[in-house]
Every structure is written in structure tokens, then in C-alpha cells.
Amino acid sequence: MIELYGIPNCDTVKKTRNWLDGHGHAYHFNDYKKVGVDPLQLASWAREVGWEKLLNKRGTTFRKLDDGDKADLDEAKALKLMEANPSMIKRPVAETPGGVLVGFVLSEWEDRLQ
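Described in the following lines is the structure provided in the data block. (Residues numbered from 1 in each chain as written. Predicted model: local features only at pLDDT ≥ 70, side-chain atom pairs only at ≥ 80, totals over all residues. Heavy atoms only, no water.)

## Comments concerning the overall build of the protein
- For the protein, the count of helices and strands is eight helices and four strands.
- Overall, the protein shows an N-to-C arrangement of helices and strands of β-α-β-α-α-α-α-α-α-β-β-α.
- Since a compact globule built from 114 residues should have a radius of gyration of about 13 Å, the 14 Å found for the protein is in line with a globular shape.
- Considered along the principal axes of its C-alpha atoms, the protein spans approximately 45 × 25 × 25 Å.
- The proportion of buried residues among the 114 residues of the protein is 46%.
- Sequence-distant contacts, at least 24 apart, represent 61% of the contacts inside the protein between residues at least 6 apart.
- Per element, the accessible surface of the protein, about 6,500 Å² overall, is 46% carbon and sulfur.
- The averaged location of the 18 negative side-chain charges in the protein is 6 Å from the averaged location of its 17 positive side-chain charges. (Helix = DSSP H or I, 4+ residues; strand = E, 2+ residues; numbered from the N terminus. Rg over C-alpha atoms; globule rule 2.2 N^0.38 Å. Buried < 20%, exposed > 50% of the residue type's maximum accessible area, 1.4 Å probe, protein only. Contact = heavy atoms within 4.5 Å. Areas by Shrake-Rupley, 256 points an atom, 1.4 Å probe, with all protein chains shown as cover. Lys, Arg positive; Asp, Glu negative; His and termini not counted. Charge placed at Lys NZ, Arg CZ, Asp CG, Glu CD.)

Encoded structure:
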């Protein structure tokens, strides 16, 4: 079973869920807005894929941060920001039997799940 994390009204999450449904992949959806994100789980994802890949710098939430929060960004600081503001986590994040996927790049999902 795939554990899928994101925000339900995110277009990329919707596209991912439609693809999973269309290809018969069972998944459990975890809504950041309702349940937040577990700090240990976030750290685990960062170890596997890198915090830079997890942090969504293009999103509104990150862009609205003051310059002090954006300065001298390292893993510890990025993880605290993502924990406090789950909207800063690139979406979706999926825990699959083959490892963690971040974002929806069709070729990566096809390679991992088919």
C-alpha cells in the first residue's frame, strides 16, 4: 500500500491521485492540512531524498517568508520550516515499497510502480 501525503486541493496531488486510481494502485491519502507532518517522518524523507528536494521554494508559503528565515538555509532549518508550514513540502510525497517519491514526474512513478 502506498502512503500518499499532500493537500487535497493541490493540482499536482489531484493529478497523482487520478493516475494512481487509473492504474489500480491502492493508496492511503494523508492530508497535511488536517494531520500535519510527523517530524521523524520528515527527517526520514530528507535522509532518503535530500531536504532540498522536499522543500518547495517556488510555493507562495516559502516566498512569503521574511529574508531572515530564507537566509543560511540548512537541513535543520528547512525541516523546522516544513514542520511548521507543511505547505512548504513539495507535493505529493509518496512512501512506496521501492522508496520515497517526491513530486509527480510520470516517468519516475511508472518506473517505480509498474
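## Concerning a negative patch on the surface
- A cluster of acidic residues, Glu52, Asp72, Asp74 and Glu75, forms a negative patch at the surface.
- Here Glu52 is to be found in helix α4 (residues 51–54). (Patch = residues over 30% accessible without salt bridge, like charges linked within 9 Å, V, L, I, M, F, W, Y side chains within 5 Å. Salt bridge = Lys/Arg side-chain N within 4 Å of Asp/Glu carboxyl O.)

## Focus on the sheet that holds strand β1 (residues 2–6)
- Pairing within the open sheet is mixed, and its four strands lie in the order β2-β1-β3-β4. Both outer strands of the open sheet, β2 (27–31) and β4 (99–102), are each paired with one neighbouring strand and no more. Neighbouring strand axes in the sheet, compared pairwise and without regard to direction, differ in orientation by 20 degrees on average.
- Where β1 and β2 come together, five bridges link them in parallel fashion. Bridged to Tyr5 within β2 is Asn30.
- Along the sheet face, helix α3 (residues 39–49) touches β1, β3 (93–96) and β4 and points at about 90 degrees away from the line of β4.
- Packed onto the sheet, helix α8 (residues 106–113) meets β1, β3 and β4 and runs at close to 160 degrees relative to β4. (Pairing = 2+ DSSP bridges. Axes fitted to C-alpha atoms, helices over the stretch in contact; angles between N-to-C directions.)

## Considerations on the environment of Ile2
- Structurally, Ile2 is set in strand β1.
- With near-sequence residues (within four places) excluded, Ile2 lies in contact with Leu20, His25, Ala26, Tyr27, His28, Ala94, Glu95, Thr96 and Leu113.

## Focus on the packing of aromatic side chains
- Summed over all chains, the structure comprises four aromatic pairs.
- Where Phe104 meets Trp109, the ring centres are 5.4 Å apart and the plane angle is 55 degrees; that geometry is what we call tilted.
- Taking the relative accessible area as the measure of exposure, Phe104 reaches 16% and is therefore buried.
- Overall, Trp109 belongs to the buried group, its relative accessible area being 0%.
- The ring centre of Phe29 lies 4.1 Å from the NZ or CZ of Arg17, which sits over that ring. (Phe/Tyr/Trp six-rings, centres within 6.5 Å; stacked < 30°, edge-to-face > 60°. Lys NZ or Arg CZ within 6 Å of the ring centre and 35° of its normal.)

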